[in-house]
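Coordinates in review
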Amino acid sequence: MTTQTFLLPDVGEGLTEAEIVQWRVGPGDAVGVNDVLVEIETAKSLVELPSPFSGTVGELLVPEGETVNVGAPIITIASTTVPAGPATVGQSEHGEPESAADAGEGAVLVGYGTGGHVQSRRRKTAAPDAQRVAASVGVIAKPPIRKLARDLGVELAAVSPSGPAGEVTRDDVVRHASQASVFRNIETPEWGDVREERIPVQAPQRPTGPTGRATVAPATPAPDAEGREETIAVKGVRKATSSAMVQSAYSAPHVSVWTDVDATRTMELVKRLKASPDFADVKVSPLLIMARAVIWAARRTPMVNAAWVDAEGGAEIRVRRYVNLGIAAATPRGLLVPNIKDAQDLSMRDLARALEKLTLTAREGRTTPADQQGGTITITNIGVFGMDAGTPIINPGEAGIVAMGTIRQKPWVVDGEVRPRFVTTVSGSFDHRVIDGDGMSRFIADVASILEEPALLLD
């Protein structure tokens with residue numbers, strides 16, 4: 001019997017570390033090739049690692065919640081098959097790929113392998129509270145659907161099933177979640193005894209004064225010895241997001257502009273599209289019209305779709321003639337900004353499908369690193385949280401981000417008369433190194449003009 005050691009592989013995008021989120025196996029479990037061993041979280045996504053070996057699980061070398069570097073051993077598997085090479089699979093700490101322990105079966109790592117079906121073992125979950133268990137008794141739904149419902153905060157008992165056998169389907173859960181208020185499942189906690197919460201972050205380099213001497217930072221309070229404070233480690237998506245936001249905020253000079261918009265005709269168009277048979281199977285919302293407006297306006301002001309690049313020969317501005325449209329998504333794991341590749345080539349219907357798929361994938365935690373790479377301009381829909389406007393931070397590698405506020409009925413002057421109209425605020429932040437005030441103002445005005453009169457998209 002040979003003991004095989006599985007090293008944490010590089011799952012793509014050159015990531016150097018990952019957190020062990022949940023082990024799907026335990027010591028003594030029998031596993032086969034392609035059985036899922038563990039779920040890890042990188043800085044960009046959740047990934048399931050399948051086993052490159054068949055045998056019996058020996059030791060879990062890394063506990064859940066710990067972050068390890070690529071190339072570190074994470075699990076051993078006892079196999080009766082004699083290996084044809086080194087008894088390790090993965091990537092060494094020096095970045096060298098390791099050999100498969102079993103030449104007959106080969107290493108099956110994320111993103112490349114045999115292409116066979118990956119079987120997921122039963123996930124170990126914490127026991128839900130008695131109320132949720134009672135509510136779900138009698139509801140027919142597959143385990144993945146139940147997990148999706150938990151992630152979206154949907155009570156299965158409240159969902160109307162549409163499956164042929166009376167079961168709740170994925171579409172049922174998503175439809176129910178989209179109809180619910182974003183705040184419906186958020187409980188308001190009582191005021192407690194804790195007055196402050198401290199979230200540790202990685203200490204920046206010590207600043208220096210004009211003389212080159214280190215400046216003295218003000219003293220910080222000593223840690224609370226009574227256990228009234230909670231410490232939250234900064235890692236995974238939160239760590240990547242904080243690094244990107246600091247990089248953007250302190251390298252790109254942000255300028256923000258905004259304007260109020262009469263979006264009544266946008267709301268009328270959304271209503272007509274929802275009633276159209278061509279859009280019967282896709283979700284239509286004002287965000288769809290906003291996305292088309294941003295694409296159209298970026299074509300008229302290309303500099304908002306550009307990027308500042310510090311090259312070896314000096315700084316340069318890279319203007320993109322295509323639109324990889326990013327959509328900021330708030331997920332249980334943190335902020336993600338996946339993008340729709342070549343959005344300028346999509347029809348209204350195809351763009352609606354792409355938006356729906358992007359949103360669902362982000363909510364389920366299945367957004368891949370590739371989905372978040374190469375964005376050219378971003379939309380953040382703060383209106384779903386009831387906000388009117390904001391000054392968002394630009395996604396690194398881009399020159400502009402547009403915020404769509406909530407749409408409310410307000411008094412509005414039309415042809416000299418005050419009438420109730422659907423009004424929203426379009427705001428945006430831009431990199432002043434790339435685009436001047438006239439360009440960013442013209443761009444926001446163009447976006448607003450589409451929301452006021454969507455027929456302009458027919459040009």
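Quick look at the structure, then. (Residues numbered from 1 in each chain as written. Predicted model: local features only at pLDDT ≥ 70, side-chain atom pairs only at ≥ 80, totals over all residues. Heavy atoms only, no water.)

**With respect to the overall build of the protein**
Helix and strand counts for the protein stand at eight helices and 20 strands. For the protein, the residues scored as buried account for 41% of the 459 residues in total. For the protein, restricting intrachain contacts to residue pairs at least 6 apart in sequence, the fraction spanning at least 24 positions comes to 62%. (Helix = DSSP H or I, 4+ residues; strand = E, 2+ residues; numbered from the N terminus. Buried < 20%, exposed > 50% of the residue type's maximum accessible area, 1.4 Å probe, protein only. Contact = heavy atoms within 4.5 Å.)

**Some remarks on the pairing of strand β6 (residues 55-60)**
Judged from the two bridges that link them, strand β3 (residues 30-31) and β6 form a sheet pairing that is antiparallel. Counterpart to valine 31 in the pairing with β6 is glycine 55. Pairing analysis gives three bridges linking β6 to strand β8 (residues 73-79), with the strands arranged antiparallel. Each bridged residue has a counterpart across the sheet, and for leucine 60 the counterpart in β8 is isoleucine 75. (Pairing = 2+ DSSP bridges.)

**Observations concerning the packing of aromatic side chains**
Tallied over the entire structure, the rule returns one aromatic pair. Relative to phenylalanine 443, the ring of phenylalanine 430 has its centre 5.8 Å away and its plane inclined at 85 degrees; by these criteria the two rings are edge-to-face. Taken together, the residues phenylalanine 430 in strand β20 (residues 417-431) and phenylalanine 443 in helix α8 (residues 437-452) connect sequence positions 13 residues apart. The residues phenylalanine 430 and phenylalanine 443 share a single accessibility class, namely buried. (Phe/Tyr/Trp six-rings, centres within 6.5 Å; stacked < 30°, edge-to-face > 60°.)

**Re the sheet that holds strand β5 (residues 46-50)**
Strand order in this open sheet of four strands is β5-β4-β2-β7, and the pairing throughout is antiparallel. On the outer flanks of this sheet lie β5 and β7 (67-69), each paired with one strand and no other. Each adjacent strand pair in this sheet contributes to an overall mean axis angle of 40 degrees, direction not counted. In the sheet, strand β4 (residues 36-41) pairs with β5 via five bridges, with the strands oriented antiparallel. (Axes fitted to C-alpha atoms, helices over the stretch in contact; angles between N-to-C directions.)

**Structural notes on the environment of glycine 65**
Locating glycine 65 in the fold gives a position in the loop between β6 and β7. By relative accessible area, which is 34% here, glycine 65 ends up partly exposed. Each C-alpha atom, one on glycine 65 and one on glutamate 41, is 9.7 Å from the other, the two residues being 24 residues apart in sequence.

**Description of the environment of glutamate 398**
For glutamate 398, the position within the fold is in the loop between β17 (377-380) and β18 (400-404). Among the residues examined, glutamate 398 registers a relative accessible area of 5% and is labelled buried. Taking C-alpha positions, glutamate 398 is 8.1 Å from threonine 378, a pair spaced 20 residues apart along the chain. Setting aside chain neighbours within four positions, we find glutamate 398 in contact with Ala306, Arg320, Gly375, Thr376, Ile377 and Thr378. Within the structure, glutamate 398 has its side chain in polar contact with the side chain of threonine 378 (distance 2.8 Å). (Polar contact = N/O pair within 3.5 Å; in protein donor to acceptor, adjacent residues only side chain to side chain.)

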